[in-house]
Amino acid sequence: MQIKTKKEALKKEHDKLYNDYVKRVTPTHNCWLNMIKAFVSGGIICMIGQGFYDLYIRLGFAKEIVSGYTTLTLVLISVVLTCFNLVNPITKFAGAGYLVPITGFANSVASCALEFKSEGEVFGIGCKIFTIAGPVILYGIITSWILGFLYWLVQFVW
């Protein structure tokens, strides 16, 4: 009985030390401050996008394609920032404000391509480029298909 009690006491002491260590090294976050930063930085990204939208309109592009060009420009900027390793400092400040819009999606694809380029173009970049973005694409397509079917069903019934 003495051995079991000693083992239990050592385990409890180990658990206490481990929990104290976890509390010490785990960063604390201010939820309200993070939400404000995400809101402001996401708004700045939207303002930049609106600026490109207005620029393309002034350059005489058709309204039907201006949205696509604006999206492509934001994706290009995000990929370039990823290539120069400037996304980490931005996301440390902006958080979800940078990662949730299309800029975060572009970063997830570009960072996988950069990470696996040493494995070659086919088995590295080609196979691993959608490691992070793949599930987003998959579930986005499935969800849109289901919602489209339900919409069609409702239209068909009424």
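Everything below is about the structure printed above this text.
Residues numbered from 1 in each chain as written. Predicted model: local features only at pLDDT ≥ 70, side-chain atom pairs only at ≥ 80, totals over all residues. Heavy atoms only, no water.

**Student:** For this particular structure, what's the right way to read helix H4 (residues 87-94)?
**Tutor:** The α-helix advances 3.6 residues per turn, and as a result positions three or four apart in sequence lie on the same side. Buried within H4 we find Val87, Thr91 and Ala94. The buried residues of H4 occupy an angular sector of 75 degrees when projected down its axis, which confines them to one face. Exposed residues on H4 whose side chains face more than 90 degrees from its buried face are Pro89 and Lys92. Lining the buried residues of H4 we find helix H2 (31-58), helix H3 (63-83), helix H5 (96-99) and helix H6 (102-115). Backbone geometry just downstream of H4 places glycine 95 in the positive-phi region, at approximately 60 degrees. (Buried < 20%, exposed > 50% of the residue type's maximum accessible area, 1.4 Å probe, protein only. Helix = DSSP H or I, 4+ residues; strand = E, 2+ residues; numbered from the N terminus. Arc of directions from axis to C-beta. Contact = heavy atoms within 4.5 Å.)

**Student:** Honestly, the packing of H6 against helix H8 (residues 133-157) in this entry has me stumped. Any pointers?
**Tutor:** Between two packed helices, what matters for the description is the angle formed by their axes and the separation of those axes. Contact geometry for H6 and H8: axes closest at 9 Å, N-to-C directions at 130 degrees. When the axis of H6 is compared with that of H8, the two are oblique. Seen from H6, the contacting residues are Phe105, Ser108 and Val109; seen from H8, they are Ala133, Val136 and Ile137. Of the residues that constitute the contact of H6 with H8, the class distribution is five nonpolar, one polar and no charged. (Axes fitted to C-alpha atoms, helices over the stretch in contact; angles between N-to-C directions. Parallel < 35°, antiparallel > 145°, perpendicular 65-115°, else oblique. Nonpolar A, V, L, I, M, F, W, Y, C, P; charged D, E, K, R; others polar.)

**Student:** Looking at this structure, I do not really get the pattern of salt bridges. What am I missing?
**Tutor:** Side-chain pairing between opposite charges can occur once the charged atoms of the two side chains come close. Under the criterion given, the structure shown has two salt bridges. One salt bridge in this structure joins aspartate 15 and lysine 11, with 3.5 Å as the shortest N-O distance. Pair noted here: aspartate 15 and lysine 11 are both in helix H1 (residues 2-25), with a separation of four residues, about one helical turn. We classify lysine 11 as exposed; its relative accessible area is 52%. Here aspartate 20 makes a salt bridge to lysine 16, at a shortest N to O gap of 3.2 Å. Pair noted here: aspartate 20 and lysine 16 are both in helix H1, with a separation of four residues, about one helical turn. (Salt bridge = Lys/Arg side-chain N within 4 Å of Asp/Glu carboxyl O.)

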